Amino acid sequence: MTAHPKPPGAEPFFLQTGLGQRFCLFHPPAGARCRGAVLYIHPFGDEMNKARRMAAVQARALAAQGYGVLQLDLAGCGDSGGEFAEARWDTWKGDLAAGCAWLSARLDAPLTLWGLRLGALLALDYAHDVRHPIARLVLWQPVQNGATFLTQFLRLLTANAMLAEGGDGKAAAKSGGTAALRATLLGGEMLEVAGYEIAPALAAAIDSRDAGKLAPLGCPVHWLETSASAERPLTPAVTRLADAWREAGVDLHLQQVTCTPFWSTQEIAESPELLAATSALFDAAPPAGQPGQAATHGTHTAPPAPVIPGAPACREDVLRFSCGGEALFGILSVPAQPAKRAVLIVVGGPQYRVGSHRQFTTLARGLAAQGIAALRFDYRGMGDSHGAMRDFEVVGEDLRAAVDTLFTALPGVEEVVIWGLCDGASAAIFYAADDARVSGLVLLNPWVRTSGGHAKATIKHYYRARLFDPELWKKILRGQLNVGAAAASFLRIAGAAAGKGTGKDKAGAAPAALPERMRAGLARFRGKVLLIISGADLTAQEFLDTAAGSDQWQAVLAAPQVSRQTLVEADHTFSRRVWKDQVLHWTGDWLRSW
């Protein structure tokens, strides 16, 4: 592979548009000549979260190749202004126009649109209508048909309903499936799906988009279709669309790449093959532009920090800071008169600073509206931040760098409370006792996962409930359940619960090690603790079972400085709006109570 110079540091900023601010991360091109400008268009919903690291890694690689790359969060997505419920397809196309105009003013270089999944379909729709020149389209695993994509998205609601323990999950499962949900949505009713409130107007726009009707005739198209195996042929749908485009005159370059579907994996994943293939096609392109076009490095000045919608006198600051020689990025939500106690939100699991269904964005803005400053950030290897991916047990330096940055940005702050979900809560426990500035912890569904503990929690809280579920027995009687497979799955879990298997937990340690280390860490911490538990979450139940089986854990949780709240029907990430609002309410009230 061609060696490239190191690009200048990325520039985070808010781009002001007529419909609010849009978070942007600009990667200036390396070298004296700019070879082109690239606008990245992210995918839909939580696919954006899972794909964030891949997008950032590819953007940095393209910058090293001499391209200026702009990552832009669409309206109601990521760190941008607005609620997802307010998002509209035409608004998103307006965001692309704003991003293209910014790149044109900054670089005045040939423009490439690079889209992933639904972002690729949005790029096609924009390119079909736009009047300014587009030099090239790069499509990563493009959604070909919006109607099919919408149906798949709605299946998340029925799937979550079938997995729910109690609540209105069964009612949703019996509502007629995706056909009924589609009719409800397209009939004008808002739906909340996997934590996202999707408006009928947005659903209708997605439903009507078809790549077959958007043949991009004005520029070359590089379509990178992913596959789990190099031997697997292209699907008939891909072949049909490619043939139709070529027949229509599209300059199409279709390439199949072996790739993990990183936008939907359980954990954050990378695809070196896709990164290499994309960099290669950009390397093969002839340099474009005039000498000296990239000489604007460092001349961009971010606009004034935007006001948080719905929270008068609150603002958001974009922060770039360093840890271990790597660049970290964060967003600080600041009230007009910040309280002396601020909050640091630690991200856990396969997320970045925005959180599942924008959970952390919503939380930080809600706290700022209550007068409490909140910083959310990506530690090294997460989201936009540089560095190798790392385990939650070794992010202490990252947390300290974030706390330092928070105190520097807000000199009036005297203490900080760390708020963490899942292994973010576990990371907070490991860190808190070693920093005197940390006065409190908010711990949601802490991760104490061991193979045996998880198996016992599954048997106790999932299989027991399923055993008494009439729907299960109806499926068995109708022959709709693979009893053999279900029995084999149960026996594997029962074996793990009995102590058979590898005996390793997520961190690769002995089963008892992680819970014991967490207990010791929490016992060392002398500050206040708020524990928030979801009633319909196996991670939370495993934590409660671990604590119930240990006198030492029970003593720690019974301490007078520990408070506890339970949301009986909530899932792991508190995905419904009412659950997120309740968590915000509990957090704010607790912070003001001492």
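Higher on the page you've got the structure.
The shown structure was predicted, so the numbers you read here are calculated from the model rather than taken from an experiment.

Engineer: Describe the environment of glycine 371, and please don't skip the residues or the numbers.
Structural biologist: Mapped onto the fold, glycine 371 is located in the loop between α10 (359-369) and β14 (374-377). Spatially, the C-alpha atoms of glycine 371 and proline 335 are 5.2 Å apart, while their sequence positions differ by 36 residues. When near neighbours in sequence (up to four residues on either side) are disregarded, glycine 371 contacts Pro335, Gln337, Pro338 and Ala339.

Engineer: Would you mind going over the side chain of glutamate 11 in detail, with residue names and values included?
Structural biologist: Within the secondary structure, glutamate 11 is located in strand β1 (residues 11-17). The class for glutamate 11 is buried, based on a relative accessible area of 14%. Within the local environment of glutamate 11, its side chain forms a polar contact with the side chain of arginine 106, the two groups lying 3.2 Å apart.

Engineer: Requested: an account of helix α9 (residues 272-284), with residues and values cited.
Structural biologist: With 13 residues, α9 extends 18 Å from end C-alpha to end C-alpha; this agrees with the ideal 18 Å at 1.5 Å per step. Listed in full, the buried residues belonging to α9 are Leu274, Leu275, Ala277, Thr278, Ser279, Leu281 and Phe282.

Engineer: Any chance you could break down the sheet that holds strand β3 (residues 36-41) for me, citing the residues and the numbers?
Structural biologist: In spatial order, the strands read β1-β2-β4-β3-β5-β6-β9-β10; together these eight strands make up an open sheet with mixed pairing. Whereas interior strands pair on both sides, the edge strands pair on one side only; in this sheet they are β1 and β10 (252-258). If you compare each strand with its neighbour and ignore which way they point, the axes differ by 20° on average. Here strand β2 (residues 20-27) runs beside strand β4 (residues 67-72); their pairing, made up of four bridges, is antiparallel. Counted as the bridge partner of leucine 25 is glutamine 71 from β4. Its contacts with the sheet put helix α1 (residues 46-64) on β2, β3, β4, β5 (111-116) and β6 (136-140), and the angle it makes with β4 is roughly 160°.

Engineer: Talk me through the pattern of salt bridges; I want residue IDs and the actual numbers.
Structural biologist: Pairing between side chains of opposite charge can happen when the charged atoms of each approach one another. For the coordinates displayed, the defined rule picks out 34 salt bridges. In this structure, glutamate 397 and arginine 380 form a salt bridge, with 3.4 Å as the shortest nitrogen-oxygen distance. One end of the pair, glutamate 397, is in helix α11 (residues 396-409); the other, arginine 380, is in the loop between β14 and α11, and 17 residues separate them in sequence. Looking at arginine 380, the relative accessible area reads 8%, which means it is buried. Between arginine 400 and aspartate 435 there is a salt bridge, with its nearest N and O atoms 3.8 Å apart.

Calculation criteria
Residues numbered from 1 in each chain as written. Predicted model: local features only at pLDDT ≥ 70, side-chain atom pairs only at ≥ 80, totals over all residues. Heavy atoms only, no water. Helix = DSSP H or I, 4+ residues; strand = E, 2+ residues; numbered from the N terminus. Contact = heavy atoms within 4.5 Å. Buried < 20%, exposed > 50% of the residue type's maximum accessible area, 1.4 Å probe, protein only. Polar contact = N/O pair within 3.5 Å; in protein donor to acceptor, adjacent residues only side chain to side chain. Expected span 1.5 Å × (residues − 1). Pairing = 2+ DSSP bridges. Axes fitted to C-alpha atoms, helices over the stretch in contact; angles between N-to-C directions. Salt bridge = Lys/Arg side-chain N within 4 Å of Asp/Glu carboxyl O.

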